[in-house]
Amino acid sequence: QDGSNPRGSLAFDGNNLLVGTGSSGGANNFGTIFTLDISDFSLTKLHDFSLPIEGSTPISIHRNGVDFYGITRLGGFYNTGTFFKITLDGTKEILHDFNPEIDGQNPNGDLFLADDGYYYGTSRFGGSFNSGTVFKISTTGELTVLHNFDGVSGQFPYGGVVKHSDGLIYGTTITGG
């Protein structure tokens, strides 16, 4: 009932709560968001993903201020993933539906929050060459594709990315190059 197959990093609320995702399970088997109180190790389900249109298979969540932002690998309008915001009272809002031909599909790996206020991530498939993308997305859901993988530059990124102090973004792909 609480969810299963936790994915991605845990987010800390700044007090005693860790927030995480179960990529499957829950009441509808579409995944969950949970909190774990580190003072008594009690687990509370914060959200059950109930319909594919709202996203399913959550894989990453991060804190930004008092809100938490995350991605789902599936679900949404195109059934290729969503970017969402959730509060600790369980209020959830979809901010972006991944469009497979434009943004990429099936975001995968942890999101990275950079100093510029954008989240950076990868989609495993989709984009201009159906080989995945690197993107940045704002807390309002405005997404910019930074790179479309084409096989020559790599293809099918599986993990997240990091932004180095040199201003460049680094990551890996599982094939291509």
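Structure: above.
From a predicted model like this one, the values you see are computed outputs, not experimental measurements.

Caption draft 1: Representation of the overall build of the protein in the model. In terms of helices and strands, the protein carries zero helices and 14 strands. From first element to last, N terminus to C terminus, the protein shows the α and β order β-β-β-β-β-β-β-β-β-β-β-β-β-β. At 16 Å, the protein has a C-alpha radius of gyration in line with the 16 Å of a compact globule built from 177 residues. A principal-axis box enclosing the C-alpha atoms of the protein has dimensions of 50 × 35 × 25 Å. Counting over 177 residues, the protein shows a buried share of 47%. Within the protein, contacts between residues separated by at least 24 positions form 37% of all contacts whose residues are at least 6 apart in sequence. When the accessible surface of the protein is totalled, it reaches about 8300 Å², and 51% of it is carbon and sulfur.

Caption draft 2: Focus on the sheet that holds strand β3 (residues 32–37). The four strands are arranged β1-β2-β3-β4 in an open sheet whose pairing can be described as antiparallel. Each end of this open sheet is capped by a strand with a single partner; those strands are β1 (4–12) and β4 (42–48). Strand-to-strand twist in this sheet, taken as the mean axis angle between neighbours without regard to direction, amounts to 25°. Here β1 pairs with strand β2 (residues 17–24) via five bridges, running antiparallel. Its bridge partner lying in β2, Ala11 is registered against Val19.

Caption draft 3: Layout of the side chain of Glu54. By the element assignment, Glu54 lies in the loop between β4 and β5 (56–64). Engagement of the side chain of Glu54 in a polar contact is seen with the backbone nitrogen of Ser50, the distance being 2.5 Å. Apart from the residues within four sequence positions on either side, Glu54 is in contact with His47, Asp48, Phe49, Thr82, Lys92 and Ile94.

Caption draft 4: The sheet that holds strand β9 (residues 105–113), seen in detail. Spatially, β9-β10-β11-β12 is the arrangement adopted by the four strands of the open sheet, whose pairing is antiparallel. The two strands at the open ends of the sheet, each matched to only one other strand, are β9 and β12 (143–148). Taking the axes of each pair of neighbouring strands and ignoring which way they run, one obtains an average angle of 25° across the sheet.

Caption draft 5: The pattern of salt bridges, seen in detail. For the structure on display, the rule yields four salt bridges. With a closest N to O distance of 4.0 Å, Lys85 and Asp67 form a salt bridge. Of this pair, Lys85 sits in strand β7 (residues 82–86) while Asp67 is found in strand β6 (residues 67–74), placing the two residues 18 residues apart along the sequence. Accessibility expressed as a relative area gives 16% for Asp67, which makes it buried.

Caption draft 6: Expanded view of the pairing of β5. For β5, the buried fraction is high: seven of the nine residues fall into the buried class. In terms of strand pairing, β5 meets β6 through seven bridges, oriented antiparallel. Its bridge partner being in β6, Asn64 is matched across the sheet by Asp67. What sits between β5 and β6 in their antiparallel hairpin is a turn of two residues, with Gly65 showing a positive phi close to 70°.

Caption draft 7: Expanded view of the environment of Gly176. Structurally, Gly176 can be placed in the segment after β14 (169–170). Here Gly176 falls in the partly exposed class, since its relative accessible area comes to 43%. In this structure Gly176 touches Gly151, Gly154 and Gln155, once residues within four positions along its chain are discounted.

Caption draft 8: Unusual backbone geometry, seen in detail. In the Ramachandran plot, Asn29 falls in the positive-phi region, its phi being about 65° despite a non-glycine side chain. Tracing the chain through its elements places Asn29 in the loop between β2 and β3. Of note in this structure, Phe41 is not a glycine but carries a positive phi near 60°. Mapped onto the elements of the fold, Phe41 is located in the loop between β3 and β4.

Rules used in this analysis
- Residues numbered from 1 in each chain as written.
- Predicted model: local features only at pLDDT ≥ 70, side-chain atom pairs only at ≥ 80, totals over all residues.
- Heavy atoms only, no water.
- Helix = DSSP H or I, 4+ residues; strand = E, 2+ residues; numbered from the N terminus.
- Rg over C-alpha atoms; globule rule 2.2 N^0.38 Å.
- Buried < 20%, exposed > 50% of the residue type's maximum accessible area, 1.4 Å probe, protein only.
- Contact = heavy atoms within 4.5 Å.
- Areas by Shrake-Rupley, 256 points an atom, 1.4 Å probe, with all protein chains shown as cover.
- Pairing = 2+ DSSP bridges.
- Axes fitted to C-alpha atoms, helices over the stretch in contact; angles between N-to-C directions.
- Polar contact = N/O pair within 3.5 Å; in protein donor to acceptor, adjacent residues only side chain to side chain.
- Salt bridge = Lys/Arg side-chain N within 4 Å of Asp/Glu carboxyl O.

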